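# Fold and geometry: a report
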Amino acid sequence: MIIIKSNFDIKQIKEAVKIWKKVRTAMYENAKVGITLKELDQIASKIIKKNGAIPTFLNYQGYKGNICTSVNEVIIHGVPDNYKLKDQDLLSIDVGVTYNKYVCDAAYTIIIGTNNEAEKISKICYESLLEGIKSAIPGNTIGDISYSIGKYIIENGYKILKDFTGHGCGKKMHEDPLIPNIGEPKTGVKLVEGMVLCLEPMIMTDSNKYIISKEDSWSVISKNKKLTCHWEHMILITKDGYEVLTE
(Lines give C-alpha, C1' and ligand atoms only; values in the text may rest on other atoms or scores of the structure.)
Protein backbone atom coordinates (compact mmCIF):
# COMPACT_ATOMS: atom_id res chain seq x y z
CA MET A 1 0.00 0.00 0.00
CA ILE A 2 1.33 3.41 -0.97
CA ILE A 3 1.14 5.98 1.82
CA ILE A 4 0.45 9.53 0.66
CA LYS A 5 2.13 11.83 3.16
CA SER A 6 0.23 14.55 4.99
CA ASN A 7 1.71 17.95 5.73
CA PHE A 8 2.46 16.68 9.25
CA ASP A 9 4.20 13.58 7.87
CA ILE A 10 6.33 15.70 5.56
CA LYS A 11 7.32 18.03 8.38
CA GLN A 12 8.45 15.09 10.51
CA ILE A 13 10.39 13.50 7.65
CA LYS A 14 12.19 16.80 7.09
CA GLU A 15 13.25 16.81 10.76
CA ALA A 16 14.85 13.38 10.20
CA VAL A 17 16.48 14.76 7.05
CA LYS A 18 18.12 17.57 9.07
CA ILE A 19 19.88 14.98 11.24
CA TRP A 20 20.81 12.90 8.21
CA LYS A 21 22.51 15.97 6.74
CA LYS A 22 24.57 16.44 9.91
CA VAL A 23 25.82 12.87 9.52
CA ARG A 24 26.64 13.46 5.85
CA THR A 25 28.72 16.53 6.73
CA ALA A 26 30.63 14.54 9.34
CA MET A 27 31.28 11.67 6.94
CA TYR A 28 32.77 13.99 4.33
CA GLU A 29 34.93 15.59 7.01
CA ASN A 30 36.18 12.31 8.47
CA ALA A 31 36.40 9.89 5.54
CA LYS A 32 40.16 10.12 5.11
CA VAL A 33 43.07 7.73 4.60
CA GLY A 34 43.62 5.65 7.74
CA ILE A 35 40.22 5.89 9.40
CA THR A 36 38.36 2.61 9.82
CA LEU A 37 34.83 1.93 8.69
CA LYS A 38 33.91 1.16 12.30
CA GLU A 39 35.18 4.56 13.37
CA LEU A 40 32.99 6.24 10.75
CA ASP A 41 30.09 4.12 11.95
CA GLN A 42 30.58 5.28 15.54
CA ILE A 43 30.81 8.93 14.51
CA ALA A 44 27.49 8.57 12.68
CA SER A 45 25.90 6.80 15.63
CA LYS A 46 26.91 9.51 18.08
CA ILE A 47 25.51 12.29 15.89
CA ILE A 48 22.22 10.49 15.33
CA LYS A 49 21.71 9.71 19.01
CA LYS A 50 22.88 13.16 20.16
CA ASN A 51 20.08 14.62 18.07
CA GLY A 52 17.44 12.42 19.67
CA ALA A 53 17.13 10.01 16.76
CA ILE A 54 17.76 6.31 16.14
CA PRO A 55 20.07 4.70 13.53
CA THR A 56 17.44 3.09 11.30
CA PHE A 57 19.68 0.30 10.03
CA LEU A 58 20.92 -0.97 13.41
CA ASN A 59 19.42 -4.42 14.07
CA TYR A 60 17.22 -4.17 10.96
CA GLN A 61 16.75 -7.84 10.03
CA GLY A 62 19.88 -8.51 12.10
CA TYR A 63 22.12 -5.87 10.50
CA LYS A 64 24.97 -5.00 12.91
CA GLY A 65 26.00 -1.54 11.71
CA ASN A 66 24.58 1.92 12.29
CA ILE A 67 25.27 2.83 8.65
CA CYS A 68 26.29 0.94 5.50
CA THR A 69 29.87 1.47 4.32
CA SER A 70 30.54 -0.06 0.89
CA VAL A 71 34.07 0.15 -0.52
CA ASN A 72 35.10 -0.35 -4.17
CA GLU A 73 33.66 -3.70 -5.30
CA VAL A 74 31.07 -3.70 -2.50
CA ILE A 75 27.96 -2.21 -4.10
CA ILE A 76 25.60 -1.92 -1.14
CA HIS A 77 25.02 -3.12 2.44
CA GLY A 78 28.70 -3.10 3.43
CA VAL A 79 28.95 -3.74 7.17
CA PRO A 80 31.37 -1.37 8.96
CA ASP A 81 34.48 -3.26 10.08
CA ASN A 82 38.14 -2.58 10.84
CA TYR A 83 39.08 -1.89 7.21
CA LYS A 84 41.18 1.29 7.00
CA LEU A 85 40.41 3.58 4.10
CA LYS A 86 43.19 3.82 1.52
CA ASP A 87 44.12 6.41 -1.07
CA GLN A 88 41.94 6.02 -4.20
CA ASP A 89 39.19 4.07 -2.42
CA LEU A 90 35.60 4.62 -3.48
CA LEU A 91 33.31 4.68 -0.45
CA SER A 92 29.52 4.63 -0.71
CA ILE A 93 27.79 5.48 2.57
CA ASP A 94 24.12 4.73 3.15
CA VAL A 95 22.52 6.32 6.21
CA GLY A 96 19.10 5.86 7.76
CA VAL A 97 17.81 8.15 10.51
CA THR A 98 14.58 7.59 12.43
CA TYR A 99 13.25 10.64 14.28
CA ASN A 100 9.87 10.65 16.03
CA LYS A 101 9.07 7.42 14.14
CA TYR A 102 9.76 8.97 10.71
CA VAL A 103 12.64 7.90 8.47
CA CYS A 104 15.19 9.58 6.24
CA ASP A 105 17.15 7.17 4.04
CA ALA A 106 19.75 8.25 1.46
CA ALA A 107 23.28 7.48 0.27
CA TYR A 108 26.29 9.22 -1.27
CA THR A 109 29.74 8.32 -2.57
CA ILE A 110 33.07 9.75 -1.43
CA ILE A 111 36.34 9.31 -3.33
CA ILE A 112 39.42 9.09 -1.09
CA GLY A 113 42.18 11.10 -2.78
CA THR A 114 42.29 11.12 -6.57
CA ASN A 115 41.02 8.25 -8.69
CA ASN A 116 39.79 9.07 -12.19
CA GLU A 117 38.01 5.77 -12.68
CA ALA A 118 36.19 6.15 -9.38
CA GLU A 119 35.30 9.76 -10.17
CA LYS A 120 33.82 8.66 -13.49
CA ILE A 121 31.62 5.88 -12.14
CA SER A 122 30.44 8.12 -9.30
CA LYS A 123 29.61 10.90 -11.76
CA ILE A 124 27.60 8.62 -14.02
CA CYS A 125 25.79 7.03 -11.07
CA TYR A 126 24.84 10.43 -9.66
CA GLU A 127 23.81 11.81 -13.04
CA SER A 128 21.59 8.77 -13.60
CA LEU A 129 19.93 9.59 -10.27
CA LEU A 130 19.32 13.15 -11.47
CA GLU A 131 17.79 11.79 -14.69
CA GLY A 132 15.39 9.72 -12.60
CA ILE A 133 14.49 12.69 -10.45
CA LYS A 134 13.64 14.78 -13.53
CA SER A 135 10.98 12.19 -14.37
CA ALA A 136 9.51 12.22 -10.85
CA ILE A 137 6.61 14.58 -11.51
CA PRO A 138 2.86 14.18 -10.97
CA GLY A 139 1.22 12.28 -13.81
CA ASN A 140 4.33 10.32 -14.70
CA THR A 141 4.84 6.76 -13.51
CA ILE A 142 7.42 4.70 -11.63
CA GLY A 143 8.28 3.21 -15.02
CA ASP A 144 9.24 6.67 -16.28
CA ILE A 145 11.70 7.06 -13.39
CA SER A 146 13.12 3.57 -13.88
CA TYR A 147 13.51 4.04 -17.62
CA SER A 148 15.31 7.39 -17.22
CA ILE A 149 17.79 5.97 -14.72
CA GLY A 150 18.48 2.77 -16.62
CA LYS A 151 18.80 4.42 -20.03
CA TYR A 152 21.47 6.81 -18.76
CA ILE A 153 23.47 4.05 -17.06
CA ILE A 154 23.40 1.78 -20.11
CA GLU A 155 24.25 4.59 -22.54
CA ASN A 156 27.32 5.38 -20.45
CA GLY A 157 28.61 1.81 -20.46
CA TYR A 158 27.85 0.64 -16.94
CA LYS A 159 25.76 -2.25 -15.65
CA ILE A 160 22.70 -2.16 -13.40
CA LEU A 161 22.32 -4.15 -10.18
CA LYS A 162 18.86 -5.49 -11.00
CA ASP A 163 17.77 -7.38 -7.89
CA PHE A 164 17.71 -4.34 -5.61
CA THR A 165 15.52 -1.27 -5.97
CA GLY A 166 14.56 2.12 -4.67
CA HIS A 167 11.39 2.41 -2.62
CA GLY A 168 8.86 4.54 -0.86
CA CYS A 169 9.84 5.82 2.59
CA GLY A 170 8.52 7.76 5.55
CA LYS A 171 6.76 5.98 8.38
CA LYS A 172 8.89 2.94 7.56
CA MET A 173 12.23 2.66 5.80
CA HIS A 174 10.86 0.45 3.04
CA GLU A 175 7.40 1.29 1.79
CA ASP A 176 5.61 0.80 -1.50
CA PRO A 177 6.21 1.37 -4.34
CA LEU A 178 9.38 -0.41 -5.40
CA ILE A 179 11.45 1.65 -7.85
CA PRO A 180 13.68 -0.48 -10.13
CA ASN A 181 16.61 1.10 -11.94
CA ILE A 182 15.45 -0.21 -15.28
CA GLY A 183 11.95 -0.17 -16.73
CA GLU A 184 9.48 0.93 -19.38
CA PRO A 185 7.97 4.40 -19.72
CA LYS A 186 4.32 4.92 -18.81
CA THR A 187 4.13 1.72 -16.77
CA GLY A 188 3.55 1.06 -13.11
CA VAL A 189 2.17 3.27 -10.36
CA LYS A 190 1.23 6.84 -11.29
CA LEU A 191 3.01 9.56 -9.31
CA VAL A 192 0.88 11.89 -7.22
CA GLU A 193 1.50 14.75 -4.82
CA GLY A 194 2.54 13.61 -1.35
CA MET A 195 4.56 10.54 -2.32
CA VAL A 196 7.99 10.31 -0.69
CA LEU A 197 10.39 8.16 -2.70
CA CYS A 198 13.98 6.97 -2.39
CA LEU A 199 15.64 6.71 -5.81
CA GLU A 200 18.90 4.79 -5.72
CA PRO A 201 20.89 3.70 -8.76
CA MET A 202 23.43 0.97 -8.00
CA ILE A 203 25.87 0.44 -10.85
CA MET A 204 28.69 -1.92 -11.72
CA THR A 205 31.61 -2.21 -14.14
CA ASP A 206 31.47 -4.67 -17.09
CA SER A 207 29.13 -7.17 -15.41
CA ASN A 208 26.11 -7.09 -13.10
CA LYS A 209 26.85 -10.47 -11.51
CA TYR A 210 27.26 -10.33 -7.76
CA ILE A 211 27.69 -12.42 -4.64
CA ILE A 212 26.60 -11.93 -1.03
CA SER A 213 29.50 -11.96 1.43
CA LYS A 214 29.81 -15.23 3.33
CA GLU A 215 31.61 -13.36 6.12
CA ASP A 216 28.90 -10.88 7.07
CA SER A 217 25.89 -12.20 5.05
CA TRP A 218 25.08 -8.63 3.98
CA SER A 219 27.67 -7.07 1.68
CA VAL A 220 26.63 -7.24 -1.99
CA ILE A 221 29.89 -7.64 -3.93
CA SER A 222 30.57 -7.49 -7.67
CA LYS A 223 31.67 -10.95 -8.79
CA ASN A 224 34.40 -9.53 -11.01
CA LYS A 225 35.72 -7.35 -8.13
CA LYS A 226 35.55 -4.21 -10.28
CA LEU A 227 34.38 -0.79 -9.14
CA THR A 228 30.76 -0.20 -8.21
CA CYS A 229 28.82 2.83 -7.01
CA HIS A 230 25.64 3.77 -5.14
CA TRP A 231 23.85 7.10 -4.81
CA GLU A 232 20.43 7.72 -3.28
CA HIS A 233 18.20 10.76 -2.84
CA MET A 234 14.93 11.02 -0.94
CA ILE A 235 12.40 13.09 -2.86
CA LEU A 236 8.91 14.46 -2.32
CA ILE A 237 6.41 14.60 -5.17
CA THR A 238 4.88 18.07 -5.06
CA LYS A 239 1.88 19.62 -6.78
CA ASP A 240 3.97 20.90 -9.68
CA GLY A 241 7.05 18.67 -9.62
CA TYR A 242 9.41 17.38 -6.96
CA GLU A 243 11.53 18.44 -4.00
CA VAL A 244 14.87 16.75 -3.35
CA LEU A 245 14.83 16.43 0.44
CA THR A 246 18.42 15.18 0.80
CA GLU A 247 20.06 17.59 -1.64
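Okay, so let's go over this structure. What you see is a predicted model; the values in this text were computed from it and never measured.

A separate point is the overall build of the protein. Check the secondary structure of the protein and you find four helices and 15 strands. Against the compact-globule benchmark of 18 Å for 247 residues, the protein has a radius of gyration of 17 Å, which places it among compact chains. With respect to the principal axes defined by its C-alpha atoms, the protein has extents near 45 × 45 × 30 Å. Relative to its 247 residues, the protein shows a buried fraction of 54%. With an accessible surface of roughly 11,300 Å², the protein has 51% of that area assigned to carbon and sulfur atoms.

Here the focus is the nonpolar core. Ranked by internal contacts, the top residues of the largest apolar core, which has 70 residues, are M27, L85, V95, Y108, I145, L197 and M234. Among the elements that line this core, the one with the most residues is helix α1 (residues 7-30), at nine residues. If you look at the next biggest cluster of nonpolar residues, it comprises six residues, including I75, I76, L161 and M204.

Summarising burial for strand β14 (residues 233-237): five of the five residues are buried, a large majority. Bridge analysis of β14 against strand β15 (residues 242-244) gives three bridges, and the strand direction is antiparallel. When the bridges of β15 are listed, I235 appears paired with V244. Between β14 and β15, which follow one another and run antiparallel, lie four residues.

The rules behind the values
- Residues numbered from 1 in each chain as written.
- Predicted model: local features only at pLDDT ≥ 70, side-chain atom pairs only at ≥ 80, totals over all residues.
- Heavy atoms only, no water.
- Helix = DSSP H or I, 4+ residues; strand = E, 2+ residues; numbered from the N terminus.
- Rg over C-alpha atoms; globule rule 2.2 N^0.38 Å.
- Buried < 20%, exposed > 50% of the residue type's maximum accessible area, 1.4 Å probe, protein only.
- Areas by Shrake-Rupley, 256 points an atom, 1.4 Å probe, with all protein chains shown as cover.
- Core = buried A, V, L, I, M, F, W, Y, C linked by side-chain atoms within 4.5 Å.
- Pairing = 2+ DSSP bridges.

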